[in-house]
Amino acid sequence: MELNTDIITTPPLDSASVVLLRDSAQGMQVLLLKRHQASNVLGGAFVFPGGKLDQADQSPALLAKLSQDAATLQQRLAEPELGTERAAGLFVAAIREAFEECRILLGQATTNPLKLQALQNALASGQSWSEAFQNLSLQLSTDHLVPWTRWITPRQASVTSKRFDTRFFITRVPEGQTAEHDNFEATETLWTTPREALIRYWDHQIELAPPQIMGLVQLARHTHTQSALTEAQSRRPPVVEPEPFDQDGIRTICYPGDPRHSVQQPAFPGPTRLLFKNKRFEPELGLAALLD
């Protein structure tokens, strides 16, 4: 992972990402996808499925396929300054990205393999997401897609050359569906407990970007899926605006609750800063700071 030193003057791009969970004999697991090594955004890193908001995600025809209206979804997102259609479009973007990147179709009461295949075939034939949904008469339930956190990339982004305003959602993977990477944007699918992912990161077995590191720290506090979902439903999604600075020649990112951050109220448990060492970000107190 290379450090970016440029100041980005363009505004952040609205985007959505999904934290997909399931319960297993090993405990609660989270889905991570390995970005293609050639990707210009976090190439080679393991991330949660997601991507930028498309204009088509906000189309009236597509929003009409959702189980909740745009005003309700705006309220759930807790961003009153955001237009209702744009807020609802972020839910659509989260659902769309999950399917495009790992073939998981969220918002289904029951899994119909034939419809999943039909949707995949329609998109492969060149149909837009909106067209495919209308032609297949699909409906989507947004009730179980829970807003989790919101991360806004600073102007001095440390590991990307673009800024993003990412809304992270959290949900349980529908029964009967199997995650499968697309071999285009993602080249590997990994189901892992949050704790194991952090250990593998520390052992240099996988690469993680700061939002994923801190997200896994939050998830490691939960032993099962319902616990994580209940916690997310009990509060407003915290807004995280990392504030970078250089100290003794080392790039440091601090988060809300850190003495150097402009917001004194912590946004989540775990360390309040990460330091760029060995071409990756690490907490000052090592692995223990991520797991305790």
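Scroll up to find the structure this text is about.
Residues numbered from 1 in each chain as written. Predicted model: local features only at pLDDT ≥ 70, side-chain atom pairs only at ≥ 80, totals over all residues. Heavy atoms only, no water.

Colleague: How should I be thinking about the pattern of salt bridges in this particular structure?
Modeller: As a working rule, side chains carrying opposite charge can pair if their charged atoms are close by. By the definition in use, this model includes 18 salt bridges. Glu 101 is paired through a salt bridge with Arg 35; the nearest N and O atoms lie 4.0 Å apart. Of the two residues, Glu 101 sits in helix α3 (residues 84–102) while Arg 35 sits in strand β2 (residues 27–35), which places them 66 residues apart along the sequence. By relative accessible area, which is 3% here, Glu 101 ends up buried. Across the salt bridge formed by Arg 96 and Glu 100, the nearest N and O atoms sit 3.1 Å from each other. In this pair, Arg 96 and Glu 100 are both assigned in helix α3, 4 residues apart and thus about one turn of the helix distant. Judged by its relative accessible area of 4%, Arg 96 is buried. (Salt bridge = Lys/Arg side-chain N within 4 Å of Asp/Glu carboxyl O. Helix = DSSP H or I, 4+ residues; strand = E, 2+ residues; numbered from the N terminus. Buried < 20%, exposed > 50% of the residue type's maximum accessible area, 1.4 Å probe, protein only.)

Colleague: Can you walk me through helix α5 (residues 129–136) in this structure?
Modeller: An α-helix turns once every 3.6 residues. As a result, residues three or four positions apart point the same way. Of all the positions in α5, only Trp 129, Ser 130, Ala 132 and Phe 133 are classed as buried. Seen from one end, α5 has its buried residues packed into an arc of 165 degrees, which puts them on one side. Contacts made by the buried residues of α5 are with α1 (60–63), α3 and α4 (113–124). Where α5 ends, the next residue or the one after it, Ser 137, has phi of about 55 degrees, a positive value. (Arc of directions from axis to C-beta. Contact = heavy atoms within 4.5 Å.)

Colleague: Would you mind going over the packing of aromatic side chains with me for this structure?
Modeller: Geometry of an aromatic ring pair is reported as the spacing of the ring centres plus the angle between the planes. Using the criterion set out here, one finds 8 aromatic pairs in the structure. Centre to centre, the rings of Tyr 255 and Phe 268 are 5.9 Å apart; their planes meet at 65 degrees, and the pair counts as edge-to-face. Placement of Tyr 255 in the loop between β10 (250–254) and β11 (273–277) and of Phe 268 in the loop between β10 and β11 is noted, with a sequence separation of 13 residues between them. For the pair shown, Tyr 255 and Phe 268 are each scored as buried. (Phe/Tyr/Trp six-rings, centres within 6.5 Å; stacked < 30°, edge-to-face > 60°.)

Colleague: Would you mind showing me how to read the pairing of β2 here?
Modeller: Burial within β2 is extensive, with 8 of its 9 residues counted as buried. Examined bridge by bridge, strand β1 (residues 13–24) and β2 share 4 bridges and lie antiparallel to one another. Paired with Leu 21 across the bridge in β2 is Val 30. With antiparallel pairing between neighbouring strands as the criterion, β1 and β2 make up a hairpin whose turn holds 2 residues. As paired elements, β2 and strand β7 (residues 186–192) share 6 bridges and run antiparallel to each other. For Arg 35, the partnering residue across the bridge sits in β7 and is Ala 186. (Pairing = 2+ DSSP bridges.)

Colleague: For this particular structure, what's the right way to read the sheet that holds β11?
Modeller: Where strands meet in a sheet, backbone hydrogen bonds hold them as pairs that are either parallel or antiparallel. Strand order in the open sheet formed by 4 strands is β9-β10-β11-β12, with antiparallel pairing between adjacent strands. Both outer strands of the open sheet, β9 (243–247) and β12 (280–282), are each paired with one neighbouring strand and no more. Direction aside, neighbouring strands of the sheet carry axes that sit 30 degrees apart on average. As paired elements, β9 and β10 share 5 bridges and run antiparallel to each other. Counted as the bridge partner of Glu 243 is Cys 254 from β10. The sheet strands contacting helix α7 (residues 210–219) are β10, β11 and β12, and the helix crosses β11 at an angle near 135 degrees. (Axes fitted to C-alpha atoms, helices over the stretch in contact; angles between N-to-C directions.)

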